[in-house]
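# Structural characterization, general
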Amino acid sequence: MEAHLEALVVENLSKHFGGLSALEGVSFRVDPGERLAIIGPNGAGKTTLFQILSGMITPSSGRIFAFGKDITKWSAHRRAALGIGRTFQITNLFLKLTVLDNILLAMEASGLARFNLLRPVSSYKDLHSQAEKILRQWGMWDRRDIPVRSLSYGEQRQLEIILTLSQNRSLLLLDEPTCGLSPEEAKSFVSTIRSFPRNFTILLIDHDMDVTFEIAEKVLVLHFGEVLAFGSPEEVKGNSQVQEIYMGRDDESS
Amino acid sequence: MVFIITQIINGIVFGMLLFLLAAGLTLMLGVMRIVNLAHGSYYLLGGYIGYSIAKLTNNFFLACLGGLLAIGILGMFIYKTILEKRFAREALAQVLITFGMLLIISDLCRWIWGGTPLAIPKPKMLEGVIHLGEIVFPVYRLAVIIIGALITIFLWWFQERTKYGAIVRAGVDDEEMTQAIGINISLVKTLIFSMGALLAGFAGVVGGPFVGLSIGLDMEILLLAIVVVIIGGMGSLWGALVSALLIGLVDSFGKSLVPELSIFTIFAAMVIVLAIKPSGLFGTK
Amino acid sequence: MKNPIQSLSLAIVAAFLALLPLVLPSFYTGLLSLILIFAIFAMSLDILQGYTGLPSLGHAAFLGTAAYVVGVLNVKVFKGCSFGVELISGVFSAAVVAALLGLIVLRSREVYLLMILMASSMMLWGIAFKWRSLAGGDDGLPGISRPNFNLIGWNLASTTHFYYFVLLFFIISAILMYLVVHSSFGHTLLGIRESETRMQSLGYNVWLQKYIAFIVSAIFAGLSGVLLAYYNGFVSPSEFHLVTSAEGLIMVILGGAGTLIGPAIGAAIILLVKNFVSGYTEHWMIILGAIYIFTVMFAPQGVYRLFKQLLQKWRPIWKPL
């Protein structure tokens, strides 16, 4: 199947856990550079979808194509090497290690450093200067020697994003990135994402509707594991089913 | 032909004994993630206590009762005081603590009962042999098979028909969730640990007449029980039963056909199973 | 690379170790050799346990394999010591065992891994125990001769000379293991210990990293097995036993997992205690078992970390000095 133009093609994806159907016949496409938001009530299958896309769990049926390649059976690390990056809803950083260590590990992932048994980490000058560059860019350079678990929650969420960025991934899966952030931090996050260049394709799950609609160019609505609607934010907002099930809570006076 | 049938029966007898041990071990693992390295020690200590009671009272059944009660209580005590709160989920910590207990119990056994191998005399009514066609077989060992079968049925009933068993089957250990349903998970865990210990102690007495009691038996039988659990799958009683019988048979045939490498045949079985299914025959994780 | 204070203190320790035999009675020098051998063993286990987060109750498999290979070559093949061949064969066979075992075993989760490794090592014990023709069965293989270094004036039959022989290998292994643990490869092990899923989503082939760590750790454990064979002059199945693996593990924990120095200290403590206590009572196993339990319950971070914490607390006192 030819899928060279799209960054991501999901074809008839299903996932069953025992008798429970978490995803059923989900299909959609994402163009390169596009910002797709995935919304749906709790239990709709959003996180399951991300788990499958990133390779953490295998689908029961269906296929996935990324950058033209059939990655359905690929392992998580192979997908990461292809260019799929992911942030986690529950902070999944190396808590006992320092900020610098976290970034260095992200950078050592490609290349042969990870197999070098004798050369000390501290001797990799280029890796260190790259790490310094990115940490300074985000204002975290002076926090570099602090163990991650001592950072504030907001700083940790920020580090999650930096980690993914430092790896030059082109397809980003952002799983509830604003979870637990204050309104100011969330606003700051939104403007950061909006400033990302077009060589990044972004899939976003976020319960905060303001954040979601400020970033999204396309929206995928999941309900009980099935696609309820897929289209531009206006189309989706205008969809009566969607309004009924899901948006009624949000005060849409506009 | 006689040889084959004799080995099969021997294998099943030993398999039943292993099942008694493995059942407790696999339940502890499946529900509580506890690796109880002292399980073999429970077997040995139970057997020794049974031996002393048998010597004192000349009553085999009192010995069985004594063995299982003593170890059941010991197990409950150890679980409640050390394992339950502090180390519920830290595998490494439990392993080292239970190993420490293995050393302590092993030394105590040698201190109290000495280093020479002992055997518990069979109960009078189960002495003698039975003739099945050409095969001559000790009555006692057949009785062991029957006892094992009864216990298997009891455990099946427990797992399939009681609400406690439902917890075991679900592999659930979440306090809040189960308390919401109205089941005291802490009680279930204590019950399982004590029951496991109790079965081990009981097995020690039951095995007393033909396996005997000696130094090093605690390790040997622990190893076999662990292999049974690995092959059968953590947390699966069926797995424990099937693989216990399997190992019993392999051990029996192995010892008589290739005595130098009988352990190796068991190893091979474990490796083959793991290569095909890393979580064991009936394992789910 | 290493900061100057670290290098200085290590140099002091090395000098101290080198000078000890001059003041100690011969018996204690011999004990010190054993301590250094098990320090290598414990440090190798730390690579797995402390740095990668892979606890193992089967580490004795590597020590035992190497020891037996040396034993068989020495007693049955060469009928004397061919050091180079024995050393390389011993270490290599430990690595092979790890390579084979690792293929089957590293896909399993924590608790399972612990038990499978334990079962595997005990299986080897069982084989050694029963195999009379090649391995001597439960009697083991006596009569292992030490290497002959007469050309350079070393007589390894002497306790002191043998100690320096062991010390040399200890220093080399310690330096190598230190390098590995601080290398970029070693760095990835820390990541795996902290979060395997994160490492996977970062693009690491976590299985492969673990596999390499497993083999590297086995190589050093094998080295300790080779040295042990020469030290004892014989090998017995207990080299494979769970007791040996568990002792290694408690040395790591008692000393401090993930510090490399800690396990070496742990080895010293355990062996000294064993030696001391068994001189007073034949029930030293009860004491040892109690130590296992108390260590886990009250000092799980290990003696070395405890020591460093105390140093930090008393900093205001000794800093101005």
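Worth saying up front: this structure is predicted, and the values here are computed from it rather than measured.

Glancing now at the overall build of chain C. When helices and strands are counted, chain C shows 15 helices and two strands. For a compact globule of 321 residues, the expected C-alpha radius of gyration is about 20 Å, and chain C comes in at 20 Å, within 12% of that figure. Seen through its C-alpha atoms, chain C measures out along the principal axes to roughly 60 × 50 × 40 Å. For chain C, buried positions account for 55% of its 321 residues. Across chain C, contacts joining residues at least 24 apart in sequence account for 79% of those joining residues at least 6 apart.

Here we come to the overall build of chain A. Summing up its helical and strand segments, chain A has nine helices and ten strands in all. Against the compact-globule benchmark of 18 Å for 254 residues, chain A has a radius of gyration of 19 Å, which places it among compact chains. Based on the C-alpha atoms only, the size of chain A along its principal axes is roughly 60 × 45 × 35 Å. By residue count, 41% of the 254 residues in chain A fall in the buried class.

Right, let's talk about the sheet that holds strand 7 (residues 171–175) of chain A for a bit. Residues and elements named next belong to chain A. With mixed pairing, six strands are arranged side by side in an open sheet as 6-7-8-3-9-10. On the outer flanks of this sheet lie strand 6 (84–87) and strand 10 (226–231), each paired with one strand and no other. Strand-to-strand twist of the sheet, defined as the mean angle between neighbouring strand axes without regard to direction, takes the value 15 degrees.

A few words now on the interface of chain B and chain C. Listed per partner, the contact involves 35 residues of chain B and 35 residues of chain C. Those elements that provide at least two residues to the side of chain B that touches chain C are helix 4 (91–113), helix 9 (217–232) and helix 11 (262–276) of chain B. Counting residues per element, the side of chain B that touches chain C draws most heavily on helix 4 of chain B, at 15 residues. Per-class residue counts for the side of chain B that touches chain C are 29 nonpolar, two polar and four charged.

Ranked by size, the top nonpolar core spans 276 residues in total, and within it L18(B), A22(B), L96(B), A225(B), V227(B), V228(B) and A119(C) carry the most contacts. If you tally residues by element for this core, the top one is helix 1 (residues 2–32) of chain B, at 17 residues. For V227(B), the contacting residues outside a window of four places in its chain are I247(B), I266(B), M270(B) and A119(C).

Interfaces are frequently sized by the accessible area removed from exposure as the parts join. Taken together, the contacts link 24 residues of chain C with 31 residues of chain A. Going through the elements one at a time, helix 7 (159–182), helix 8 (184–194), helix 9 (196–202) and helix 10 (206–232) of chain C are the ones with two or more residues in the side of chain C that touches chain A. For the side of chain C that touches chain A, the leading source of residues is helix 8 of chain C, giving seven residues. Looking at the side of chain C that touches chain A, its residues break down into nine nonpolar, 13 polar and two charged.

With that settled, consider helix 4 of chain B. Residues and elements named next belong to chain B. With 23 residues, helix 4 should cover 33 Å at 1.5 Å per step; its first-to-last C-alpha distance of 32 Å lies within 8% of that length. For helix 4, a buried count of 17 out of 23 residues is recorded, marking the element as mostly surrounded by other parts of the structure. Directly after helix 4, the chain includes G114, whose backbone phi takes a positive value near 80 degrees.

Okay, the pairing of strand 6 of chain A next. All names here are of chain A. Side chains I84 and R86 of strand 6 all project onto a buried face; the interleaved residues G85 and T87 project onto the opposite face, where all are buried too. As judged from the four bridges shared by strand 6 and strand 7, these two strands associate in the parallel manner. Residue pairing across strands places T87 opposite L174, the latter belonging to strand 7.

All names here are of chain A. Strand order in the open sheet made by the four strands is 2-1-4-5, with antiparallel pairing throughout. Bordering the open sheet on either side are strand 2 (20–30) and strand 5 (69–70), each of which pairs with just one other strand. Examined bridge by bridge, strand 4 (residues 61–66) and strand 5 share two bridges and lie antiparallel to one another. The partner of A66 across the bridge, within strand 5, is K69. Sitting on the sheet, helix 1 (residues 46–54) touches strand 1 (8–17), strand 2 and strand 4, and the angle it makes with strand 2 is about 65 degrees.

The residue H128(A) is located in helix 4 (residues 125–137) in this model. Separated by 28 residues in sequence, H128(A) and L100(A) have C-alpha atoms that sit 8.7 Å apart.

Okay, unusual backbone geometry next. Phi at N12(A) is positive, roughly 55 degrees, even though this residue is not glycine. Looking at the secondary structure, you find N12(A) in strand 1. Positioned with a positive phi, L260(C) is a non-glycine residue whose angle comes to about 65 degrees. C-beta crowding within 10 Å serves as the criterion here: with 24 such atoms nearby, L260(C) is assigned to the buried category.

This part covers the environment of L159(A). Residue and element names in this part refer to chain A. Tracing the chain through its elements places L159 in helix 5 (residues 153–165). Overall, L159 belongs to the buried group, with 24 C-beta atoms counted inside 10 Å. C-alpha of L159 to C-alpha of V99: the two residues are 60 residues apart in sequence and 7.9 Å apart in space. Apart from the residues within four sequence positions on either side, L159 is in contact with L93, V99, N102, V148 and L151.

This brings us to the confidence of the model for chain A. Taken residue by residue, chain A gives an average pLDDT of 86. The fraction at 70 or more is 95%. Low confidence marks residues 249–254 of chain A, where pLDDT is under 50. Its contacts with residues over four positions away, or in another chain, come to two contacts.

Moving on, we get to the packing of helix 3 (residues 99–108) of chain A against helix 4 of chain A. Residue and element names in this part refer to chain A. In the contact formed by helix 3 and helix 4, the axes pass within 10 Å of each other and the chain directions differ by 120 degrees. The angle between the axes of helix 3 and helix 4 places the two elements in the oblique class. Here the hand of the crossing between helix 3 and helix 4 comes out right-handed. When helix 3 is examined against helix 4, the residues L100, I103, L104, M107 and E108 are found in contact with a partner set consisting of L127, Q130, A131, I134 and L135.

Helices that pack against each other are described as a pair by the angle of their axes relative to one another and the distance between those axes. Residues and elements named next belong to chain C. Running from N to C, helix 2 (residues 26–52) and helix 12 (residues 261–280) cross one another at 135 degrees; their axes reach a closest spacing of 8 Å. Judged on the interaxial angle alone, helix 12 and helix 2 are oblique. The element helix 2 and its partner helix 12 pack so that their crossing is right-handed. Residues L31, L34, I35, F38, A39, A42, M43, L45 and D46 of helix 2 pack against P263, A264, G266, A267, A268, L271 and N275 of helix 12. For the contact of helix 2 with helix 12, the per-class residue count stands at 13 nonpolar, two polar and one charged.

Analysis parameters
- Residues numbered from 1 in each chain as written.
- Chains lettered and ligands numbered in written order.
- Predicted model: local features only at pLDDT ≥ 70, side-chain atom pairs only at ≥ 80, totals over all residues.
- Helix = DSSP H or I, 4+ residues; strand = E, 2+ residues; numbered from the N terminus.
- Rg over C-alpha atoms; globule rule 2.2 N^0.38 Å.
- Buried ≥ 20, exposed ≤ 12 C-beta atoms within 10 Å, placed from the backbone.
- Contact = placed C-beta atoms within 7 Å.
- Pairing = 2+ DSSP bridges.
- Axes fitted to C-alpha atoms, helices over the stretch in contact; angles between N-to-C directions.
- Nonpolar A, V, L, I, M, F, W, Y, C, P; charged D, E, K, R; others polar.
- Core = buried A, V, L, I, M, F, W, Y, C linked by C-beta atoms within 7 Å.
- Expected span 1.5 Å × (residues − 1).
- pLDDT = per-residue confidence, 0-100.
- Parallel < 35°, antiparallel > 145°, perpendicular 65-115°, else oblique.
- Left-handed = near helix turned anticlockwise from the far one by under 90°.

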